[in-house]
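# Descriptive structure summary
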Amino acid sequence: MQHIFWVIENELAGRPGPNEEAWCPEELYVGGFRAVLTLNSGAGVDAAALRKAGLAHHRIALPVLNRVQSASARRPYRRRMTGYRPNWS
């Protein structure tokens, strides 16, 4: 598995969508993932392939991500998001 980053260590991970970095649903499943949450338009996401691999798929379109369409324009948003560490205490 490539391009995975942990938001909460060993509990919640993130990665770019398949339109930016190709993924293999079966590889995600073997790696221990059981669900994929899409936070944008879902470009390139094959929901049927995710189901076939045993992964649940949900989509919640965040408005700020949908307004920024090009990959180069999204990079500053991603940089800010990858450093985010929630304070759950």
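Everything quoted here is computed from the prediction, not taken from an experiment.

## Overview of the overall build of the chain
Helix and strand counts for the chain stand at four helices and four strands. In the chain, the order of α-helices and β-strands from amino to carboxyl end is β-β-α-β-α-β-α-α. Per-residue burial for the chain yields a buried fraction of 20% across its 89 residues.

## Concerning the packing of aromatic side chains
Both the distance between ring centres and the angle between the ring planes are used here to describe each pair of aromatic rings. Here the structure, examined in full by the defined rule, presents one aromatic pair. Centroid distance Trp6 to Phe33: 6.2 Å. Interplanar angle 15°. Geometry classified as stacked. Placement of the pair is Trp6 in strand β1 (residues 5-8) and Phe33 in the loop between α1 (25-30) and β3 (35-38), with a sequence separation of 27 residues. A relative accessible area of 17% means that Phe33 is categorised as buried.

## Overview of the side chain of Arg15
Examined against the element boundaries, Arg15 turns out to sit in the loop between β2 (12-14) and α1. Buried charged residue Arg15 carries no salt bridge. Nearest counter-charge: Glu21, at 6.0 Å. Engagement of the side chain of Arg15 in a polar contact is seen with the backbone oxygen of Gln2, the distance being 3.4 Å. Polar contacts involving the side chain of Arg15 include one to the main-chain carbonyl oxygen of Ala22, which spans 3.4 Å.

## Quick look at the environment of Arg15
The exposure class of Arg15 is buried, given its relative accessible area of 18%. Separated by 23 residues in sequence, Arg15 and Thr38 have C-alpha atoms that sit 10.0 Å apart. Residue contacts for Arg15: discarding those within four places in its chain leaves Gln2, His3, Ile4, Phe5, Glu21, Ala22, Trp23 and Leu28. There is a polar contact of 3.2 Å between the side chain of Arg15 and the backbone oxygen of Glu21.

## What about the side chain of Thr38?
Its place among the elements puts Thr38 in strand β3. One polar contact links Thr38 to His57, side chain to side chain, over a distance of 2.7 Å.

## Section: the nonpolar core
The nonpolar side chains of soluble globular proteins are, as a tendency, buried together. Trp23, Leu28, Phe33, Val36, Leu50, Ala53 and Leu55 together form the largest nonpolar core, which totals seven residues. If we ignore the near neighbours within four places in the chain, the residues touching Leu55 are Pro25, Leu28, Tyr29, Phe33, Arg34, Ala35, Val36 and Leu50.

Cut-off values and rules
Residues numbered from 1 in each chain as written. Predicted model: local features only at pLDDT ≥ 70, side-chain atom pairs only at ≥ 80, totals over all residues. Heavy atoms only, no water. Helix = DSSP H or I, 4+ residues; strand = E, 2+ residues; numbered from the N terminus. Buried < 20%, exposed > 50% of the residue type's maximum accessible area, 1.4 Å probe, protein only. Phe/Tyr/Trp six-rings, centres within 6.5 Å; stacked < 30°, edge-to-face > 60°. Lys, Arg positive; Asp, Glu negative; His and termini not counted. Salt bridge = Lys/Arg side-chain N within 4 Å of Asp/Glu carboxyl O. Polar contact = N/O pair within 3.5 Å; in protein donor to acceptor, adjacent residues only side chain to side chain. Contact = heavy atoms within 4.5 Å. Core = buried A, V, L, I, M, F, W, Y, C linked by side-chain atoms within 4.5 Å.

Any functional reading would require information that these geometric values do not contain.
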